[in-house]
Every structure is written in C-alpha cells, then in structure tokens.
Amino acid sequence: MDAETRGVVVDAVSGFIAGAACTLVFQPLDTILVRQQYVGTTTMESAVAVLKRGGNLALWRGATPLIALVPFQNALLMVGYGAGQRWGERHTTPQSAVFVGGCAGGLAQSFVASPFELAKVRRQLFGPPPYDWRLATRGLHATF
C-alpha cells in the first residue's frame, strides 16, 4: 500500500471512530439544546421536560440517523480534507493547502449531512413515529 492510499485509509478510519464516539457522548446535549431552542425554555427546564416525557433514553432521541450518518460524514470530512490538502500542497502555497483541504472536506460531507440532520431534528421535536410523516419530511427537498 503506497503512502497516499495509507493516508486515505487512516483518515477514513479515524474520522469514522471519532464520529461514532462523539455522537454517543454528545447526543443528550444536542437533544436538550434542540428542545430549548424550539420551546424557548432554560436548559434545565428543557432537560427536565425531556426526562419526564421519555425517561433517560429520551436523551438519545434522534440519535439513530446520526449513528447511521456521523461516522461516515466524519470519514468523508477527513478524507476530503486530506485529499484537498495534498492537492493544495502540490498546486498552491502551504498556507493555502490547509484552506483547500478544509473546503474540500466540508463540501464532501455537506451533501450527505443535510437530509440526515433534518431527520434528526424532526425526530427530536416530534418524538418517535407514528406521527404525520408529511410534517416530518416537509422541506426535505430544500436540503439538496
């Protein structure tokens, strides 16, 4: 395996593991934040409301789309960043290479992330199915 291929594999695996770990650790905070923004209450009031409504597992409501997405999203981000940076090092200045890498990584993952992020927020707000799927999927086309 050549050095560039090895770099891509390392970037992908590192991004995948980091994405999975971050999703599991920080999902409760995201659930509380989304509720807080939607209802307009304090952080503590939002946390208590989430726990009263669904128990401890409610803190991970909406995590399923993220568990399916974030590891791959982070892998794409890291691979895109690495590829963009390597291209930038060959064709631009060293300082510009970091910028090119960041742009490439962000662009690569953005097309994957938007629909899943919308699904996650809708699940956090409206709870688990059954609910009106027309409401849950309204505006999904606008993420592309």
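Read on for a plain summary of the structure. (Residues numbered from 1 in each chain as written. Predicted model: local features only at pLDDT ≥ 70, side-chain atom pairs only at ≥ 80, totals over all residues. Heavy atoms only, no water.)

Attention now moves to the overall build of the protein. Along its length, the protein carries five helices and zero strands. For the protein, buried positions account for 30% of its 144 residues. In the protein, the share of contacts with a sequence separation of at least 24, taken over all contacts with a separation of at least 6, comes to 68%. Element-wise, carbon and sulfur atoms account for 69% of the exposed surface of the protein, whose accessible area totals about 8800 Å². (Helix = DSSP H or I, 4+ residues; strand = E, 2+ residues; numbered from the N terminus. Buried < 20%, exposed > 50% of the residue type's maximum accessible area, 1.4 Å probe, protein only. Contact = heavy atoms within 4.5 Å. Areas by Shrake-Rupley, 256 points an atom, 1.4 Å probe, with all protein chains shown as cover.)

Turning our attention to a nonpolar patch on the surface. Residues Met1, Val9, Val13, Phe16, Ile17 and Phe72 make up a contiguous nonpolar surface patch of roughly 620 Å² in combined accessible area. Here the nonpolar patch gets four residues from one element, more than from any other, and that element is helix α1 (residues 3–39). (Patch = residues over 30% accessible without salt bridge, like charges linked within 9 Å, V, L, I, M, F, W, Y side chains within 5 Å. Salt bridge = Lys/Arg side-chain N within 4 Å of Asp/Glu carboxyl O.)

Along its 33 residues, helix α4 (residues 94–126) runs 47 Å from first to last C-alpha, staying within 8% of the 48 Å computed at 1.5 Å per residue. Most pronounced at serine 110, the bend in α4 amounts to some 40°. Where α4 is concerned, the buried positions are Ala97, Gly101, Gly105, Gln109, Ala113, Pro115, Leu118, Lys120, Arg122 and Gln124. (Expected span 1.5 Å × (residues − 1). Bend = angle between axes of the 7 residues up to and from the residue.)

This part takes up the packing of α1 against α4. The interhelical angle for the contact between α1 and α4, taken along N-to-C directions, is 70°, at an axis separation of 10 Å. On the basis of their axis angle, the class for α1 and α4 is roughly perpendicular. Considering how the two elements wind past one another, α1 and α4 form a crossing that is right-handed. Contacts between α1 and α4 involve Gln27, Asp30, Thr31, Val34 and Tyr38 from the former and Lys120, Val121, Gln124, Leu125 and Phe126 from the latter. Split into classes, the residues belonging to the contact of α1 with α4 amount to five nonpolar, three polar and two charged. (Axes fitted to C-alpha atoms, helices over the stretch in contact; angles between N-to-C directions. Parallel < 35°, antiparallel > 145°, perpendicular 65-115°, else oblique. Left-handed = near helix turned anticlockwise from the far one by under 90°. Nonpolar A, V, L, I, M, F, W, Y, C, P; charged D, E, K, R; others polar.)

Here the distance between the centres and the angle between the planes together describe a pair of aromatic rings. Tallied over the entire structure, the rule returns one aromatic pair. Measuring from ring centre to ring centre gives 5.1 Å for phenylalanine 16 and phenylalanine 72, while their planes differ by 75°; the resulting arrangement is edge-to-face. With phenylalanine 16 in helix α1 and phenylalanine 72 in helix α3 (residues 63–91), this residue pair connects regions lying 56 residues apart in the sequence. A residue is classified by how much of its surface remains accessible, and phenylalanine 16, at 35% relative accessible area, is partly exposed. (Phe/Tyr/Trp six-rings, centres within 6.5 Å; stacked < 30°, edge-to-face > 60°.)

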